[in-house]
Amino acid sequence: MELVAEADTPYRPPVFARFGRGNSLPDVQQACAAARRTSSHAYARSHFVPQLDGLGLELMELCLPHVEAGRLLGYVVATYSLSDLLSTHIGPQMGRSQEISFTEADGTRLAMHGLARRGTRVFTAQQLLDLPGTTMVLRMDSWRRSEPDLFPNVLTALVTVMSIALVTVLFMLGHDTRRRLRVEQDLADALAFRKAMEDSLVTGLRARDLQGRTTYVNPAFCQMVGFSLEELLGQGSPAPYWPPERADEYHKRQEVRLAGHNAPPREGFESVFMRKDGTRFPVLIIEAPLINAQGLQTGWMSAVLDISEQRRVEELSRASQERLQATARLATVGEMASLLSHELNQPLAAIASYATGSINLLQENAPPARDLQLAMARIAEQADRAGRVIKSVHDFVRRRDQAREAVPARALVDAVLPLVNLQARKLRVGVEIRVADDLPQVVCDRTMVEQVLLNLARNAMQAMDEARVPDPALVLQVRATPARDGGRRWLEFSVADVGPGIPEEVQRQLFTPFFTTKAEGMGLGLSLCRTVVEQHGGSLVYEPHLPQGTIFRFTLPARPEP
Ligand code: ADP
């Protein structure tokens, strides 16, 4: 057990230079004895060796028996520096955040590596090193000055991940709830809007399912028919607002509708409903299929309009139109009163003179019966003539039958001719009538059409008179137009003059009511003429009459041939 040879590492300052190896010998000997016993290597307890630079090294010896052919020749003793062991085997990286050290079992630090920093938290790991001959502890301390690593261990990581997930879910839930609330709010607004709209609507709304039961009505509908919501909802056929006398007809109509055979007209159809108090009133119904969100038809939606007021207004306007026409006719006659008195003057004067003559004859002793008879006959003749004149005016003013009838065109012209002639004679206008014999009859309201003819003739004669045309002439013509509209025939009436024509500024307002260029004119003539002609389905136009004058033409439907 004597030291035979020794070598110090050439890579560092000599370790045993100051105190030699003598101090550690007992320990080495003990280790070698153990090594010999076990025929293996053995370690000695570590020990501190002061160095020349004033520091020291913790050293540990390893003893290896040197055996050759079963004979123990000696021992090799190697010395480790514990701190160098740590610093060479543990990279600098690890030493930056941890402290790694060898300690004795009781915690005495033998050698260490790394920065001995202190922080708020210490994480320690220990490993017992049970070496043959000695026991040490390898210990690692890690300090955390502030927060630990994000995931110190799996559980924490898991909890963290789940917490994050939870928070995310909560956040999304919150977001979703907010969005849901917003949508609900919007929906509530939309509903309120719809409700306000339905309530403010004066149009009645009614929805029916495919079995014909009422599924919805709005307040306007309830008000219109006078039944309450409860009385209407769920009611099938016959509905409470159907007039009993029409229930069958309505029921059939509803069946056809529900069978889907014919779509209701877009512009709606008219019908009659009954109020709760039994009064009937006209309605306009516009129906449309009720399609649900899946695109399936679930029933019919109807908009119902009470048109009794509209009817009343129409009736009023029709009545006032009629009154206006009557007024225009009276005005025409009024204008003609002077002509009329002139026309009546002649027969009345003749009657008067015949009457005076007769009285004179009667005063004679023996009145000649033949002369008296002749005078009386003349008186009767003249009275008849006056009567005819008056009758023609009377007929014209009084005739009020509105009905359309088939009238020969000639009869229309003849009816106005006395009145036209009355004026023509005064204004010295030559009147020519051209009516073919084989014309079909005209279907019209004859009073109205006569008025149109008279108006146009009067306008023409007045225009010629005003312009002082040398040879005033009026042509009243009726002819058939070429067939049109699938064979329906039309007759064209025309009134031509040789007057001054119509200046452009007058043309623009020609058909405007109350437009006139005459001092005593009413300006209603042409506008009424056009209304009347259009009511018959025809049209009223005018054009220059070459070389001079104007032609007014209008068409009226002919009676269809049987
Ligand atoms: P009124 O005869 O009461 O004036 P009308 O509506 O019949 O009303 O005619 C409107 C105007 O059209 C007349 O004032 C006249 O100036 C013009 N007019 C109508 N017919 C003719 C015509 N044949 N020739 C020239 N002007 C005409």
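Preceding this paragraph is the structure being described.
Residues numbered from 1 in each chain as written. Predicted model: local features only at pLDDT ≥ 70, side-chain atom pairs only at ≥ 80, totals over all residues. Heavy atoms only, no water.

Describe the overall build of the chain, with residues and values.
Assigned secondary structure in the chain consists of 13 helices and 20 strands. Relative to the compact-globule value of 24 Å for 562 residues, the chain shows a C-alpha radius of gyration of 65 Å, a clear excess of over 25%. Dimensions along the principal axes, computed over C-alpha positions, put the chain at roughly 215 × 60 × 45 Å. Counting every position in the chain, which comprises 562 residues, the buried fraction comes to 34%. Counted over contacts in the chain with a minimum sequence separation of 6, partners at least 24 positions apart contribute 55%. Counting every atom, the chain has about 33900 Å² of accessible surface; 57% of that belongs to carbon and sulfur. For the chain, the separation between the mean place of its 63 positive charges and that of its 65 negative charges on side chains is 2 Å. (Helix = DSSP H or I, 4+ residues; strand = E, 2+ residues; numbered from the N terminus. Rg over C-alpha atoms; globule rule 2.2 N^0.38 Å. Buried < 20%, exposed > 50% of the residue type's maximum accessible area, 1.4 Å probe, protein only. Contact = heavy atoms within 4.5 Å. Areas by Shrake-Rupley, 256 points an atom, 1.4 Å probe, with all protein chains shown as cover. Lys, Arg positive; Asp, Glu negative; His and termini not counted. Charge placed at Lys NZ, Arg CZ, Asp CG, Glu CD.)

Requested: an account of the pairing of strand β4 (residues 71-81), with residues and values cited.
One ladder, built from 10 bridges, connects strand β3 (residues 56-68) with β4; its direction is antiparallel. Residue pairing in the sheet places E68 in a bridge with R71 of β4. Between the antiparallel neighbours β3 and β4 lie 2 residues, among them A69 with a positive phi of about 50°. (Pairing = 2+ DSSP bridges.)

Please set out the site of the ligand residue by residue, giving values where relevant.
Around the ligand sit 19 residues, and of these N459, T516, T517, K518 and G523 come closest. Side-chain polar atom of T517 to an oxygen atom of the ligand: 2.5 Å apart, as the coordinates give it. Backbone polar atom of L526 to an oxygen atom of the ligand: 2.9 Å apart, as the coordinates give it. The greatest single-element share of the shell around the ligand, amounting to 3 residues, is contributed by helix α11 (residues 446-466). Classifying every residue of the shell around the ligand gives 9 nonpolar, 8 polar and 2 charged. (Near = heavy atom within 4 Å. Polar contact = N/O pair within 3.5 Å; in protein donor to acceptor, adjacent residues only side chain to side chain. Nonpolar A, V, L, I, M, F, W, Y, C, P; charged D, E, K, R; others polar.)

Can you tell me about the nonpolar core, naming the residues and giving the values?
Membership of the largest hydrophobic core comes to 46 residues, with the highest contact counts inside it found for L453, L474, F493 and F554. Among the secondary structure elements, those contributing two or more residues to this core are α10 (409-427), β16 (442-444), α11, β17 (473-480), β18 (490-497), α13 (525-535) and β20 (550-557). Counting residues in hydrophobic clusters, the runner-up holds 19 residues, among them C222, F273, F281 and V283. (Core = buried A, V, L, I, M, F, W, Y, C linked by side-chain atoms within 4.5 Å.)

Describe the sheet that holds β17, listing the residues and the values that go with them.
Hydrogen bonding along the main chain pairs the strands of a sheet, whether they run parallel or antiparallel. Within the open sheet, the 5 strands sit side by side as β15-β17-β18-β20-β19. Their pairing is mixed. Two strands lie at the open edges of the sheet, namely β15 (430-435) and β19 (540-544), each paired on one side alone. On average, each strand axis in the sheet is tilted by 15° relative to the strand beside it, whichever way the strands run. Pairing of β19 with β20, which is carried by 5 bridges, proceeds in the antiparallel orientation. Across the sheet, V541 pairs through a bridge with R553, a residue of β20. Across the sheet, α10 touches β15, β17 and β18, and the angle it forms with β15 is around 180°. Sitting on the sheet, α13 is in contact with β19 and β20, with an inclination near 125° to β19. (Axes fitted to C-alpha atoms, helices over the stretch in contact; angles between N-to-C directions.)

Tell me about the packing of aromatic side chains, and please be specific about residues and values.
Overall, the coordinates contain 7 aromatic pairs when judged by the stated rule. Between the aromatic rings of F221 and F273, the centroid separation amounts to 6.4 Å while the plane-to-plane angle is 80°, which identifies the pairing as edge-to-face. Of this pair, F221 sits in helix α5 (residues 219-225) while F273 sits in strand β11 (residues 269-274), and the two are 52 residues apart along the sequence. The same class applies to F221 and to F273, which are both buried. Ring centres of W242 and Y250 lie 5.6 Å apart, and the angle between their planes is 90°; this geometry places the pair in the edge-to-face category. (Phe/Tyr/Trp six-rings, centres within 6.5 Å; stacked < 30°, edge-to-face > 60°.)

So what's going on with the state of the cysteines? Which residues, and what values?
Scanning all chains against the criterion turns up 1 disulfide. Across a sulfur-sulfur distance of 2.0 Å, C32 and C63 are joined as a disulfide pair. An S-S torsion of about 105° defines the bridge between C32 and C63 as right-handed. Taken as a pair, C32 in helix α1 (residues 25-38) and C63 in strand β3 lie far apart in primary sequence, 31 residues in all. One exposure class covers both C32 and C63, and it is buried. Cysteine C444 is unpaired, with the sulfur of C529 as its nearest cysteine sulfur at 14 Å. Taking the relative accessible area as the measure of exposure, C444 reaches 0% and is therefore buried. Judged by relative accessible area, which is 1%, C529 ranks as buried. (Disulfide = S-S within 2.5 Å.)

Residue-level account of the side chain of T481, with values.
Inspection of the secondary structure puts T481 in the loop between β17 and β18. Overall, the relative accessible area of 15% leaves T481 in the buried class. Excluding residues within four positions of it along the chain, T481 makes contact with W490 and E492.

Explain a nonpolar patch on the surface to me, and be specific about the residues and the numbers.
A surface patch of nonpolar side chains, about 310 Å² in accessible area, is lined by L166, L170 and L173. The topology assignment puts L166 in helix α4 (residues 154-200). Looking at L166, the relative accessible area reads 54%, which means it is exposed. (Patch = residues over 30% accessible without salt bridge, like charges linked within 9 Å, V, L, I, M, F, W, Y side chains within 5 Å. Salt bridge = Lys/Arg side-chain N within 4 Å of Asp/Glu carboxyl O.)

So what about the side chain of D209? Which residues, and what values?
Secondary-structure assignment places D209 in strand β9 (residues 204-209). By relative accessible area, D209 is classed as buried at 13%. Side-chain polar atoms of D209 contact the backbone nitrogen of Q211, separated by 2.9 Å. Within the structure, the side chain of D209 is placed 2.8 Å from the backbone nitrogen of R213, a separation counted as a polar contact. Beyond its immediate sequence surroundings of up to four residues, D209 is in contact with T215, L258, T298 and G299.

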